[in-house]
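Single-letter residue listing:
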Amino acid sequence: MVEGYSQIAVLAKRAIDILVSLAGLLVFLPLMLAIALLVFATEGFPLLYRERRLGRQGQPFSLYKFRTLKPGSAKERSVAPEDDPRITGAGLWLRRWRLDEFPQLFNVLCGHMSLVGPRPMPPAHAAALAAEQLDVLLSVRPGITDAAAIHFLAEDAVLAGRDDAETLYLQCLLPVKASMQIDSLRHWRLTGDFQVAMATLTQLWSRHARDKSAMAMREILETAAGESPV
């Protein structure tokens, strides 16, 4: 765990995770059923996609999402920009507005994840980071959202149409995202989780927020292109 965290604050964070995830599952159950019916009507089974991600202390767990990729295609690449042919018709819409993420409330309730924290990484992404960065990121439960996730809201759209989107993500975007996540963890306060949660609710479906994120992503890629042959 990152040094300096109050044990009381950590316990309060977990209690909030349990209460909010349980309430969220109850409140959003009709929407989740509607999404499940949409996936079934347009793509059939399976409705959910399970992916191996790294949790606290590097312990692997199964992350749940509504399925947005064609069956059997998920292992081809770990990054799926908006123009990826593996994405289903309904999946593009679900991914763009993050509606495929609702099943992760189960992960939070089970203790695999938190509501707010660095996004859980697949092993291939973890291998691209320095050991000291990884140690910090894996010292806490990964989350459904955090400040970096909001900042990188439009990454799938920005990576669309680019050659080798996965390499661009791993070499250019992931290091910046990891630095933002580590900075957030080193300055973590429980009140900050509320601020991130509110920012997520107000910006997740905002066109202005997506445009602002896209501009920031393009600046990162342009800067990287000027410094390396990628």
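Everything below is about the structure printed above this text.
Report follows, based on the coordinates. These numbers were taken from a predicted model, which means no experiment stands behind them.

**A look at the overall build of the protein chain**
Logical step 1: When you go through the protein chain residue by residue, the secondary structure sums to 11 helices and four strands.
Logical step 2: Judged by the C-alpha coordinates and their principal axes, the protein chain covers about 45 × 45 × 35 Å.
Logical step 3: Looking at the protein chain residue by residue over its 230 residues, the buried ones come to 49%.
Logical step 4: Sequence-distant contacts in the protein chain: of pairs separated by 6 or more residues, those separated by 24 or more amount to 72%.
Logical step 5: With an accessible surface of roughly 12000 Å², the protein chain has 62% of that area assigned to carbon and sulfur atoms.
Logical step 6: Within the protein chain, the 24 negative side-chain charges are centred at a point lying 6 Å from the centre of the 25 positive side-chain charges.

**Describing the nonpolar core**
Logical step 1: Judged by nonpolar contacts, the single largest core of 33 residues is most densely connected at Met121, Leu129, Leu137, Leu159, Leu173 and Met217.
Logical step 2: Broken down by element, the residue count for this core peaks at nine residues, all from helix α9 (residues 165-186).
Logical step 3: Beyond its immediate stretch of four places on either side in the chain, Leu159 contacts Val79, Pro81, Ala165, Leu168, Tyr169 and Leu173.
Logical step 4: Within the second largest apolar cluster, 20 residues are counted, among which are Phe102, Leu115, Val116 and Ala199.

**Digging into helix α10 (residues 190-203)**
Logical step 1: Under the 1.5 Å per step criterion, the end-to-end length of α10 is 20 Å for 14 residues, consistent within 8% with the ideal 20 Å.
Logical step 2: Looking only at α10, the buried set comprises Asp193, Val196, Ala199 and Thr200. Mapping the buried residues of α10 onto a view down its axis gives an arc of 125°, with all of them on the same face. Seen from the open side of α10, the exposed residues pointing more than 90 degrees away from its buried face are Thr191, Gln195, Met198, Leu201 and Thr202.
Logical step 3: For α10, the elements touching its buried residues are α1 (7-27), β3 (114-116), β4 (143-145) and α7 (147-151).

**Re helix α2 (residues 29-43)**
One turn of the α-helix equals 3.6 residues, which is why residues spaced by three or four share an orientation.
Logical step 1: Here α2 spans 21 Å end to end across 15 residues, near enough to the 21 Å set by a 1.5 Å rise per residue.
Logical step 2: Buried within α2 we find Met32, Ile35, Ala36 and Val39. Buried residues in α2, looked at end-on, bunch into an arc of 100°, giving them a common side. Along α2, exposed side chains directed more than 90 degrees from the buried face belong to Pro30, Leu37 and Ala41.
Logical step 3: Backbone geometry just after α2 places Gly44 at a positive phi near 80°.

**Here's the deal with unusual backbone geometry**
Logical step 1: Cis geometry is adopted by the peptide bond preceding Pro46, which originates at Phe45 and carries an omega value of -5°.
Logical step 2: Assignment of secondary structure puts Pro46 in the loop between α2 and β1 (48-54).

**A few points about a nonpolar patch on the surface**
Logical step 1: Residues Val27, Phe28 and Leu31 make up a contiguous nonpolar surface patch of roughly 250 Å² in combined accessible area.
Logical step 2: Among the secondary structure elements, Phe28 is positioned in the loop between α1 and α2.
Logical step 3: The class of Phe28 is partly exposed, set by a relative accessible area of 34%.

Criteria and thresholds
As a convention, each chain's residues are numbered from 1 in the sequence order in which they are written. Only residues with pLDDT of at least 70 get local features here, since the model is predicted, and only at 80 or more are side-chain atom pairs given and counted; chain-wide, interface and lining totals rely on the full set of residues. Computation of side-chain values covers all heavy atoms of the structure but excludes hydrogens and water. In this description a helix means any DSSP run of H or I spanning at least four residues, a strand means any run of E spanning at least two, and both kinds are numbered starting from the N terminus. Burial status follows relative accessibility: with a 1.4 Å probe on protein chains alone, a residue under 20% of its type maximum counts as buried, one over 50% as exposed, and anything between as partly exposed. Contacts: residue pairs with any heavy atoms within 4.5 Å of one another. Throughout, the Shrake-Rupley method with a 1.4 Å probe supplies accessible areas, and for residues the shown protein chains are the sole cover considered. Here the positive residues are Lys and Arg and the negative ones are Asp and Glu; neither His nor the chain ends is included. Taken as the charge location is NZ of Lys, CZ of Arg, CG of Asp or CD of Glu. Side-chain atoms within 4.5 Å are what join buried Ala, Val, Leu, Ile, Met, Phe, Trp, Tyr and Cys residues into a set we call a nonpolar core. Given a helix with a known number of residues, its expected span is that number minus one, times 1.5 Å. What the arc measures is the spread of directions leading from the helix axis to the C-beta atoms. Every patch collects residues that have over 30% relative accessible area and no salt bridge, joining them within 9 Å if they carry like charges and within 5 Å if they are nonpolar side chains (Val, Leu, Ile, Met, Phe, Trp, Tyr). Salt bridges are counted wherever a side-chain nitrogen of Lys or Arg sits within 4 Å of a carboxyl oxygen of Asp or Glu.

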